[in-house]
Amino acid sequence: MSLIKSSKGNDRLLLDGFRYRRERTVWRCVKDKCKGRARSDGNTFKMYQDRVCQASDPDEIEKALFNYEIRTKAAECHASPRLIIHEARFKLSSDAAITNPQYNASQRVIQRIRRDENIPSEPKTFADIVIVLNFQITITNEKFILYDNNDDNRRLLIFASKEQLGFLNQCESWHCDGTFAVAPKMFEQMYSVHGSIRGKSLPLEIHLKKEFLENDVSRRTMKNLAALSFIPPQNVIEEFVRIKENASDVLDGK
Ligand SMILES: [Zn+2]
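Not measured: the values here are computed from a predicted model.

Rules used throughout
Residues numbered from 1 in each chain as written. Predicted model: local features only at pLDDT ≥ 70, side-chain atom pairs only at ≥ 80, totals over all residues. Heavy atoms only, no water. Helix = DSSP H or I, 4+ residues; strand = E, 2+ residues; numbered from the N terminus. Rg over C-alpha atoms; globule rule 2.2 N^0.38 Å. Buried < 20%, exposed > 50% of the residue type's maximum accessible area, 1.4 Å probe, protein only. Contact = heavy atoms within 4.5 Å. Areas by Shrake-Rupley, 256 points an atom, 1.4 Å probe, with all protein chains shown as cover. Lys, Arg positive; Asp, Glu negative; His and termini not counted. Charge placed at Lys NZ, Arg CZ, Asp CG, Glu CD. Donors = N, O, S within 2.8 Å, 3.2 Å for Na, K, Ca; no water. Axes fitted to C-alpha atoms, helices over the stretch in contact; angles between N-to-C directions. Parallel < 35°, antiparallel > 145°, perpendicular 65-115°, else oblique. Left-handed = near helix turned anticlockwise from the far one by under 90°. Nonpolar A, V, L, I, M, F, W, Y, C, P; charged D, E, K, R; others polar. Domains from an automatic or database assignment. Phe/Tyr/Trp six-rings, centres within 6.5 Å; stacked < 30°, edge-to-face > 60°. Patch = residues over 30% accessible without salt bridge, like charges linked within 9 Å, V, L, I, M, F, W, Y side chains within 5 Å. Salt bridge = Lys/Arg side-chain N within 4 Å of Asp/Glu carboxyl O. Arc of directions from axis to C-beta. Expected span 1.5 Å × (residues − 1). Polar contact = N/O pair within 3.5 Å; in protein donor to acceptor, adjacent residues only side chain to side chain.

**Digging into the overall build of the chain**
- Counting its secondary structure elements, the chain contains eight helices and ten strands.
- Compactness check: the chain gives a C-alpha radius of gyration of 25 Å against a globular reference of 18 Å for 254 residues, more than 25% above the reference.
- Projected onto its principal axes, the C-alpha coordinates of the chain cover approximately 75 × 50 × 30 Å.
- Split into buried and exposed, the 254 residues of the chain put 25% on the buried side.
- Considering only intrachain contacts with a sequence separation of at least 6, the fraction spanning at least 24 residues in the chain is 43%.
- Split by element, the accessible area of the chain, about 18,300 Å² in all, is 54% carbon and sulfur.
- Of the side-chain charges in the chain, 41 are positive and 35 negative, and the distance between the mean point of each set is 6 Å.

What follows is the structure in structure tokens.
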């Protein structure tokens, strides 16, 4: 027996292979025209003996639990969509796994929930920019905001973690550039500093060239990555994640 929420936030009872929705004090089978009903006597739930559903559908129960887990974790934890989906899939029986939603569909569910709940509305003035704690740290809980002049007329923000500064410190050369196209509204430009570690970039480049020429999937991935420069800034992260999910493992160095 499980009590969960539907995608619209309504109560659902999963009991003995059937799904019920709440109708005041009675639980009614979610299937149209089914007479199945259940009730609770405080702690335990029971089907009405004279109102039993016809055939149970265990796959559907698993699917409901799967979706509930994904939605709950998307809202309550910081784990990556890949990890959340992987963990939820791991619990599915092989029968349910076959009819389970596609990876991309689950991923979109997670992105939609996180967008709704965590992303503040777009600021209109510099004074509106209040960086919530969530965005001040990296996913490994390192402080990410390095400097904020809090000037409502000429706002300047600098982001970098200690680890990233340490990395730059070790680099023989830095590559710096300002870009105007992806800067958020109100800001004049986004200036970034990149470092490369000697000896690593060259073999990687040769390897990527070979991949581009010989592997269709890798070639498409690289073209898609290049195309990221032409899409609206607010879609970049979502699209990047999608490209990465569809990329061949070779590009991850596997
Ligand atoms: Zn029923």
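Back to the text.
**Quick word on the coordination of the zinc ion**
- Looking at the zinc ion, the protein donor atoms are Cys-29 (SG), Cys-34 (SG) and Cys-53 (SG), and they sit 2.2 Å from it.
- Every donor residue of the zinc ion comes from the same chain, spaced as C-x4-C-x18-C. Here the residue Cys-34 occupies a position in the loop between strand 4 (26-29) and strand 5 (37-40), and Cys-53 occupies one in the loop between strand 6 (45-47) and helix 1 (58-76), the gap between them amounting to 19 residues. The burial state of Cys-34 is the same as that of Cys-53; both residues are buried.

**Structural notes on unusual backbone geometry**
- The phi torsion at Asn-141 lies on the positive side, around 70°, for a residue other than glycine.
- Inspection of the secondary structure puts Asn-141 in the loop between helix 4 (103-118) and strand 7 (145-148).
- Phi is positive for Asn-150, close to 50°, though the residue is something other than glycine.
- Examined against the element boundaries, Asn-150 turns out to sit in the loop between strand 7 and strand 8 (157-159).

**Brief notes about the packing of helix 1 against helix 2 (residues 81-90)**
- One way to put it is that helix 1 packs onto helix 2 with a least axis distance of 10 Å and a crossing angle of 150°. Compared by their axis directions, helix 1 and helix 2 come out roughly antiparallel. In terms of crossing hand, the pair formed by helix 1 and helix 2 is right-handed. Every residue of helix 2 that contacts helix 1 at Phe-66, Glu-69, Ile-70, Lys-73 and Ala-74 is listed here: Ile-84, Ile-85, Glu-87, Ala-88 and Arg-89.
- For the contact of helix 1 with helix 2, the residue count by class is six nonpolar, no polar and four charged.

**Notes on the domain arrangement of the chain**
- Domain boundaries in the chain define domain 1 (1-56), domain 2 (58-119), domain 3 (126-181 + 188-196) and domain 4 (201-252).
- For domain 1 versus domain 4, the distance between C-alpha centres works out to 47 Å.

**Here's the deal with the packing of aromatic side chains**
- In this structure the tally under the stated criterion is three aromatic pairs.
- Ring centres of Trp-27 and Phe-45 lie 6.1 Å apart, and the angle between their planes is 80°; on these two criteria the pair is classed as edge-to-face. Note that Trp-27 is positioned in strand 4 and Phe-45 in strand 6, a separation of 18 residues in sequence. Residue Trp-27 shares its accessibility class with Phe-45, and that shared class is buried.
- Note on Phe-126 and Phe-187: the rings are 5.2 Å apart at their centroids and 70° apart in plane angle, and the pair reads as edge-to-face. On the criterion of sequence distance, the pair formed by Phe-126 in the loop between helix 4 and strand 7 and Phe-187 in the loop between strand 9 (173-179) and strand 10 (190-196) is long-range, its members being 61 residues apart.

**Considering a nonpolar patch on the surface**
- On the surface, Leu-146, Tyr-147, Leu-156, Ile-158 and Leu-165 cluster together into a nonpolar patch covering about 420 Å² of accessible area.
- Inspection of the secondary structure assignment puts Leu-165 in helix 5 (residues 162-170).

**As for helix 2**
- For helix 2, the set of buried residues is Pro-81, Ile-84, Ile-85 and Ala-88. Viewed along the axis of helix 2, the buried residues span an arc of 95°, placing them on a single side of the element. Exposed and facing more than 90 degrees away from the buried side of helix 2 are His-86 and Phe-90.

**A few points about helix 7 (residues 216-227)**
- With twelve residues, helix 7 ought to run about 16 Å at 1.5 Å a step, and its terminal C-alpha atoms sit 16 Å apart, in line with that.
- Among the residues of helix 7, Ser-218, Thr-221 and Met-222 are the ones counted as buried. Down the axis of helix 7, the buried side of the element spans an arc of 95°, and every buried residue falls inside it. Helix 7 presents Arg-220 and Lys-223 as exposed residues on the side facing more than 90 degrees away from its buried surface.
- A side-chain oxygen of the first residue of helix 7 lies 2.9 Å from the backbone nitrogen of Val-217; this N-cap is Asn-215.

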